[in-house]
2 protein chains.
Amino acid sequence: MMELTRKGEYAIRGIVFLASRPPEQVCLLSDIAAAVDVPPTFLAKIFQQFSKIGLVKSYRGTGGGFVLGRTPDRITLLEVVEAVEGPITPNRCVIKEGECPRDTSCNVHPVWVDVQQQVRDILNSVTLQKLAQR
Amino acid sequence: MMELTRKGEYAIRGIVFLASRPPEQVCLLSDIAAAVDVPPTFLAKIFQQFSKIGLVKSYRGTGGGFVLGRTPDRITLLEVVEAVEGPITPNRCVIKEGECPRDTSCNVHPVWVDVQQQVRDILNSVTLQKLAQR
DNA sequence: ACTAAAAAGACATTATAAGTCTTTTTTATG
DNA sequence: CATAAAAAAGACTTATAATGTCTTTTTAGT
Ligand code: SF4
Ligand code: SF4
């Protein structure tokens, strides 16, 4: 239960690797994929998502590739995970008020709110800088 | 991400309802299903799982049905969830040592261990008694 | 024997995950 | 400007898991 998908795992591996490289060095997707052992075509999709929200910056054409969108100390694991997996939602009812008709009277509901909060807090407290250091 | 399945949600609803009933009262599966708005055949499967590990006690034949296997203050939400969803595993690598070849050197690994611990702690601190009170 | 109920197992359907393939767009460089 | 290198975009597969349903069997009370 509550398992990260491969996509999420790959996303983390890829961007942590990128964070471990010299700051201004443009990295080829194919090199990243090889380094972290992920199917290149799959990682491409993931980095496209990163690029759209600015987590990474991409350069197209000859000499192109990827760099981090921000310094690694300002990117958290939470952002990375939510970028590809969507929001942390231990149960439907925490997505928004009224998702479940029972939510006002339900004693279980606050537990899921708590779980969501704790998990978000943990992931938010971890930066790529921390993860990239050896 | 990290979303409880319907099965898990239904399982909780069902057993919480059972916990809210007078202790020795034998409940029909069909009644429970109707009360918590779950497909009866699906809930049957769930309660079979409960029964196997003793979370509930079942009586077959005429006058049969279900009662809690223990008093509601000694059943935690963690047990209920893990009974039907399996262990809380935010990522493969926390299942057991060596699941991921990188786990010894990986800086992300301890984060997932932490998440697992926190979630288990929260769910383990909630009893059916708490959940069943109105 | 008859009936009420859960247990067991096979089956069906749908949704999501996981990954591939092809085509298009962008850009540096000779 | 032609070419090649690289990411972006979109369509497509395939595998796995979620969400049930249906039928038959076992058990137990009357
Ligand atoms: S935990 Fe309660 S509020 Fe949330 S989905 Fe279940 S019944 Fe609804
Ligand atoms: S977090 Fe680290 S140890 Fe866990 S699966 Fe990913 S690479 Fe392996």
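Residues numbered from 1 in each chain as written. Chains lettered and ligands numbered in written order. Predicted model: local features only at pLDDT ≥ 70, side-chain atom pairs only at ≥ 80, totals over all residues. Heavy atoms only, no water.

## Observations regarding the interface of chain B and chain A
- Taken together, the contact pairs 37 residues of chain B with 37 residues of chain A.
- Regarding the contact of chain B and chain A, the summed buried area is about 3,300 Å², with carbon and sulfur atoms giving 60% of it.
- The largest per-residue losses of area from chain B upon contact with chain A belong to B:Met1, B:Met2 and B:Arg92, which jointly make up 21% of the total buried on that side.
- The tally of links from chain B across to chain A stands at two salt bridges.
- Only α1 (6–20), α2 (29–36), α4 (77–85), α5 (109–124) and α6 (128–132) of chain B provide two or more residues apiece to the side of chain B that touches chain A.
- Per-element tally for the side of chain B that touches chain A: the top contributor is α5(B), with eight residues. (Contact = heavy atoms within 4.5 Å. Buried area = accessible area lost by both parts, 1.4 Å probe. Salt bridge = Lys/Arg side-chain N within 4 Å of Asp/Glu carboxyl O. Helix = DSSP H or I, 4+ residues; strand = E, 2+ residues; numbered from the N terminus.)

## Let's talk about the relation of the copies chain B and chain A
- You can overlay chain B on chain A at an RMSD of 0.0 Å; the transform is a turn of 180 degrees with a shift of 0.0 Å along its axis. Such values leave the two copies arranged in the relation of a two-fold axis. Of every C-alpha in chain B, the one belonging to B:Met2 sits nearest the axis of rotation, 1.9 Å from it.
- Looking at the interface residues of chain B, 100% of them are also at the interface in chain A, so both copies use one shared face. (Least-squares fit on C-alpha atoms with pLDDT ≥ 70 in both.)

## Re the site of ligand 2
- Surrounding ligand 2, one finds A:Glu9, A:Arg13, B:Asn91, B:Cys93, B:Cys100, B:Arg102, B:Asp103, B:Cys106, B:Val108, B:His109 and B:Trp112.
- Ligand 2 is flanked by residues contributed from chains A and B.
- At the level of elements, α1 (6–19) of chain A together with α5 of chain B are the ones that each hand at least two residues to the shell around ligand 2.
- By residue class, the composition of the shell around ligand 2 is five nonpolar, two polar and four charged. (Near = heavy atom within 4 Å. Nonpolar A, V, L, I, M, F, W, Y, C, P; charged D, E, K, R; others polar.)

## Overview of the protein's contact with DNA strand C
- Around DNA strand C, the structure places 25 residues, and the nearest of them are A:Thr5, A:Arg60, B:Leu29, B:Lys45 and B:Ser58.
- Per the 4 Å cut-off to the protein, sugar and phosphate atoms form 65% of the nearby atoms of DNA strand C.
- Residue B:Leu29 places a main-chain N or O atom 2.9 Å away from a phosphate oxygen belonging to DNA strand C.
- In the environment of DNA strand C, a base nitrogen lies 2.6 Å from a nitrogen or oxygen atom belonging to the side chain of B:Lys45.
- Per-element accounting of the surface near DNA strand C gives the leading share, four residues, to helix α3 (residues 40–52) of chain B.
- Class assignment of the residues belonging to the surface near DNA strand C gives a composition of seven nonpolar, ten polar and eight charged. (Polar contact = N/O pair within 3.5 Å; in protein donor to acceptor, adjacent residues only side chain to side chain.)

## Some remarks on α4(B)
- For α4(B), a buried count of seven out of nine residues is recorded, marking the element as mostly surrounded by other parts of the structure.
- All of the buried residues in α4(B) are B:Leu77, B:Leu78, B:Val80, B:Val81, B:Ala83, B:Val84 and B:Glu85.
- For α4(B), the secondary structure elements touched by its buried residues are α5 (109–124) of chain A together with α1, α3, α5 and α6 of chain B.
- After α4(B) finishes, the residue B:Gly86 shows a positive phi value of roughly 80 degrees. (Buried < 20%, exposed > 50% of the residue type's maximum accessible area, 1.4 Å probe, protein only.)

## What about the protein's contact with DNA strand D?
- Taken together, the neighbourhood of DNA strand D is formed by 26 residues, with A:Leu29, A:Lys45, A:Ser58, B:Tyr10 and B:Arg60 sitting nearest.
- A:Lys45 places a polar side-chain atom, nitrogen or oxygen, 2.6 Å from a base nitrogen of DNA strand D.
- Within the side chain of B:Arg60, an N or O atom sits 2.8 Å from a base oxygen of DNA strand D.
- Among the elements of the structure, α3 (40–52), β1 (56–59) and β2 (65–68) of chain A together with α1 and α3 of chain B are those that each provide at least two residues to the surface near DNA strand D.
- Broken down by element, the residue count for the surface near DNA strand D peaks at four residues, all from α3(A).
- Classifying every residue of the surface near DNA strand D gives seven nonpolar, eleven polar and eight charged.

## Side note on the pairing of strand β2 (residues 65–68) of chain B
Residues and elements named next belong to chain B.
- Two strands pair when backbone bridges link them, and strand β1 (residues 56–59) and β2 are joined in this way by four bridges, in the antiparallel orientation. If you follow Lys-57 over to β2, its bridge partner there is Val-67.
- What sits between β1 and β2 in their antiparallel hairpin is a turn of five residues, with Gly-61 showing a positive phi close to 75 degrees. (Pairing = 2+ DSSP bridges.)

## Some thoughts on the packing of α2(B) against α3(B)
All names here are of chain B.
- Running from N to C, α2 and α3 cross one another at 115 degrees; their axes reach a closest spacing of 9 Å. Viewed along their axes, α2 and α3 adopt a mutual orientation that is roughly perpendicular. As for the relative orientation of α2 and α3, their crossing is right-handed in sense. Packed against α2, whose contacting residues are Leu-29, Ile-32 and Ala-33, the element α3 presents Pro-40, Leu-43, Ala-44 and Phe-47 at the interface.
- Here the residues of the contact of α2 with α3 sort into seven nonpolar, no polar and no charged. (Axes fitted to C-alpha atoms, helices over the stretch in contact; angles between N-to-C directions. Parallel < 35°, antiparallel > 145°, perpendicular 65-115°, else oblique. Left-handed = near helix turned anticlockwise from the far one by under 90°.)

## Details of the site of ligand 1
- Lining the immediate environment of ligand 1, one finds A:Asn91, A:Cys93, A:Cys100, A:Arg102, A:Asp103, A:Cys106, A:Val108, A:His109, A:Trp112, B:Glu9 and B:Arg13.
- Chains contributing residues to the immediate surroundings of ligand 1 are chains A and B.
- For the shell around ligand 1, the secondary-structure elements that each account for two or more residues are α5 of chain A together with α1 of chain B.
- Its residues assigned to classes, the shell around ligand 1 shows five nonpolar, two polar and four charged.

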